[in-house]
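# Breakdown of the fold
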Amino acid sequence: MTAPRLSWWVPVIAALVLLCLPSVLSPYAQGLVAKIMVYAVFALSLELLVGTTGLVSLGHAAFLGIGAYVTVLAAPESGGNALIWLMPLAMLAAAVYAVAVGLLSLRTQGVYFIMVTLAFAQMAYFVFHDTKLAGGSDGLYLYVRPVLGLGSITLLDPAEGRQLYVLVWAVLVATYALLALLTRSRFGHALAGIRVNEQRMRAAGYRTQHYKLAAFVIAGALAGLAGCLLAVKDGVVNPELLSWHESGAVLLMLILGGLGHLRGAVIGAVAFTLLKEFFASEGLVGPLAAHWQLSLGVSIIVLVAALPRGLMGLRSLWRPRG
Amino acid sequence: MADAPALQATTLTRRFGGLTAVNAVSLSLHVGEVHAVIGTNGAGKSTLVNLLSGELATDEGHVTLGAHDVTHWPQPKRARAGIGRSYQRSTLFGEFSVLENCRLSAQSALQRPWHVWQSASRCDQSLAVAQEVLATTGLADVASRIAGTLSHGQKRQLEVAMCLATRPQVLLLDEPLAGMGAEETERMLALLQSLKPTHAVLLIEHDMDAVFRVADRITVMVDGQVIASDVPGRIRTHPEVLRAYLGEAFA
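Residues numbered from 1 in each chain as written. Chains lettered and ligands numbered in written order. Predicted model: local features only at pLDDT ≥ 70, side-chain atom pairs only at ≥ 80, totals over all residues.

## Considering the overall build of chain B
Stated formally: By the criteria applied, helices consist of DSSP H or I runs no shorter than four residues and strands consist of E runs no shorter than two, each listed in order from the N terminus. Atoms considered for the radius of gyration are the C-alpha atoms alone. The globule rule reads 2.2 Å times the number of residues to the power 0.38. Note on burial: count the other C-beta atoms lying within 10 Å of the residue's C-beta; 20 or more is buried, 12 or fewer is exposed, in between is partly exposed, and C-beta positions come from the backbone. Note that contacts rest on C-beta atoms placed from the backbone: two residues are in contact if these are within 7 Å.
Along chain B, the regular secondary structure elements total 9 helices and 10 strands. In terms of overall dimensions, chain B is globule-like: its C-alpha atoms have a radius of gyration of 18 Å, near the 18 Å expected for 251 residues. By principal-axis analysis of the C-alpha atoms, chain B measures approximately 60 × 40 × 40 Å. Each of the 251 residues in chain B was classed as buried or not, and the buried ones make up 46%. Pairs at least 24 residues apart make up 67% of the contacts formed inside chain B by residues separated by at least 6 positions.

## Some words on the sheet that holds strand E6 (residues 83-85) of chain B
Residue and element names in this part refer to chain B. As a reminder of what qualifies: Pairing between strands is defined by DSSP: at least two bridges between them are needed. Orientation is described by lines fitted to C-alpha atoms, with helices fitted over the stretch in contact, and by angles between N-to-C directions that extend from 0 to 180 degrees.
In spatial order, the strands read E6-E7-E8-E3-E9-E10; together these 6 strands make up an open sheet with mixed pairing. Looking at which strands have only one partner, the edges of the open sheet turn out to be E6 and strand E10 (225-230). Along the sheet, successive strands turn relative to each other by an average axial angle of 20 degrees, direction set aside. Relative to E10, strand E9 (residues 217-222) runs antiparallel, the two being bridged by 5 bridges. Bridging across to E10, valine 220 finds its partner in alanine 228.

## Concerning helix H2 (residues 27-53) of chain A
Residue and element names in this part refer to chain A. Note the following rule: How far a helix is expected to stretch is found by multiplying one less than its residue total by 1.5 Å. Bend, in this description, refers to the angle at a residue between axes fitted to the seven residues ending there and the seven starting there.
Look at H2: 38 Å from first C-alpha to last across 27 residues, which is about the 39 Å you get at 1.5 Å a residue. Along its length, H2 shows its largest kink, about 40 degrees, at glutamate 47. Within H2, 19 of the 27 residues are buried, which leaves it mostly tucked inside the rest of the structure. Directly after H2, the chain includes glycine 54, whose backbone phi takes a positive value near 80 degrees.

## Some words on the interface of chain A and chain B
Frequently, the measure chosen for interface size is the accessible area that the parts lose on association. We count it as follows: Ten residues, namely Ala, Val, Leu, Ile, Met, Phe, Trp, Tyr, Cys and Pro, are considered nonpolar, four, namely Asp, Glu, Lys and Arg, are considered charged, and the remaining ones, Gly among them, are considered polar.
At the junction of the two partners, chain A supplies 23 residues and chain B supplies 31 residues. Contributions of two or more residues to the side of chain A that touches chain B are made by helix H6 (161-184) and helix H7 (186-204) of chain A. At 13 residues, H7(A) tops the list of elements feeding residues into the side of chain A that touches chain B. When the residues that make up the side of chain A that touches chain B are grouped by side-chain class, the tally is 10 nonpolar, 8 polar and 5 charged.

## As for the sheet that holds strand E5 (residues 68-69) of chain B
Residue and element names in this part refer to chain B. With antiparallel pairing, the 4 strands of this open sheet are ordered in space as E2-E1-E4-E5. Each of the sheet's edge strands pairs with one partner strand only, and the pair in question is strand E2 (19-29) and E5. Alignment of strand E1 (residues 7-16) against E2, held across 7 bridges, turns out to be antiparallel. Within the sheet, the bridge partner assigned to leucine 7 lies in E2 and is leucine 29.

## Points about H7(A)
All names here are of chain A. The first and last C-alpha atoms of H7 sit only 14 Å apart over 19 residues, clearly below the 27 Å expected at 1.5 Å per residue. The largest bend in H7 comes to about 125 degrees, at asparagine 197. By the criterion of burial, H7 is predominantly enclosed, with 17 of the 19 residues buried. Immediately beyond the C-terminal end of H7, within one or two residues, lies glycine 205, with a positive phi of roughly 115 degrees.

## Brief notes about the nonpolar core
Filter applied, for reference: Any set of buried Ala, Val, Leu, Ile, Met, Phe, Trp, Tyr and Cys residues joined through C-beta atoms within 7 Å is what this text calls a nonpolar core. Segmentation into domains, and thus their bounds, comes from an automatic or database assignment.
With 174 residues, the main nonpolar core has A:Ala40, A:Val41, A:Ala43, A:Ala94, A:Leu225 and A:Met253 as its most contacted residues. At 16 residues, helix H8 (residues 208-234) of chain A tops the list of elements feeding residues into this core. Residues from two domains meet in this core; each of domain 1 (1-82 + 168-251) and domain 2 (92-167) of chain B gives at least three. Residue contacts for A:Ala94: discarding those within four places in its chain leaves A:Phe63, A:Ile66, A:Gly67, A:Gly220, A:Ala221, A:Ala223, A:Gly224 and A:Gly227.

## Some words on the confidence of the model for chain A
As a reminder of what qualifies: The quantity called pLDDT is the predictor's confidence in a given residue, expressed from 0 to 100.
Of all residues in chain A, 97% attain a pLDDT of 70 or more, and the chain-wide mean is 91. The least confident element of chain A, judged by mean pLDDT, is helix H13 (residues 315-318) of chain A at 71; the most confident is H8(A) at 97.

## Here's the deal with the pairing of strand E4 (residues 60-65) of chain B
All names here are of chain B. Across 5 bridges, E1 lies against E4 in antiparallel orientation. Across the sheet, the residue bridging to leucine 7 is leucine 65, located in E4. In this sheet, E5 lies alongside E4 in antiparallel orientation, the contact comprising 2 bridges. Residue pairing in the sheet places threonine 64 in a bridge with aspartate 69 of E5.

See below:
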């Protein structure tokens, strides 16, 4: 018995299909898919922590929110070719916060780690909620969307729906490729070893704290990148982006998709966002739409009970055994 | 033994609240020697291994590895410097293959986490070490099996193989024979004999027949203290050891 080999062509075909989708989608559906792709980047970043390293964080939305706020706060009022440096800046800001949180929270384990990450995220939430700089509970608006370009050449202008879609798609593909490389590398195998048996990894000579901090910072930076995309897509940020609801939602995406798989994170983001859209749509569910949280909660309970290994577990239903 | 010790512990002491689990224990491990530590349950043997490997900090005393005082070195640094240990209970990567268990252990010597473009499973150096230790420990035939599915004896062998994969000079083996059948015990004892010329081995074990067959020196601990440390022939007839641990019938 050996672990199933990752077939590279499935994500490649999925990426190509995704790129072609806008030509057959309505503007609303195109926006919805772009939103799903942003959340897929967010979920992929958490997958590195939870699925690969075994660190369950309940404060991951702090990095998403920091990336989003930094993008809006640092974006020039005139717009311009700012995305080329705004995206790295959002990642850097989230990474710096991740270093601080990681250095303190990674001294704890298990449920204590969950609570400490939640506490740090709530601290960040109230900083943005209660300060004038961040616009308080109303948040901030991005009046002119920055474009992606080099010098006088504009590559992608997110103000245009199709180009925003391509930008988000490119970031998703790059994030997926980076994490696929990381998880199959020595670094990724060491993270997996830490998830399975940290004591043994230390006994073998690994400085496990360094590895966990590195994973925490990479995950934070990628969540910051998702936050930057979210700010550019929506043109508005508010403290709810940092709330524990968002942290819980992205964890649910991983659980729905199936922990331990990059594809699971993407599938989970798709499933969670579509379920949420479905249950919040008055046209589809009528008056129940007002109570979409209830319907979404029940549906997630049913899905998790039926598929304890998430939607990725569906594969085993039609795979030959033996 | 004329050679300088590979590992030396000097008056190691560790307390847990009011309990002194290890009390001023001194011992030396030499390459070419199997040094057994025996004693009743709760005598402090596993705590001693934890102190030597760096898993626990010492309250008093020193640990010297070769020419280095490693007392304040963290466990991973001691492991990379040449102290390998196995655990009383198997601590494998149960969901990985047997080969990957050893490869990951071997990888600690060449971690290079920034080599993200290279697949770990194609890391020739760590693969070669893993295959070599699997051959040494007789596990080459089950290299592709998932570690969690191995028999108890094979898991104990894999524990030792993972230790060896880190290329240690000092091996701290905590009850490697626990729960093994007669045939598996023989295999493990043969393995220990084969490792002796190139390693300093500390063996904690309750199987006295095996200990007296393989050990060159035996240290006996009772209540955290060393009550005797000598060659097996003298330990067998040591009055205090007979009274406190082995029993008069053993002599």
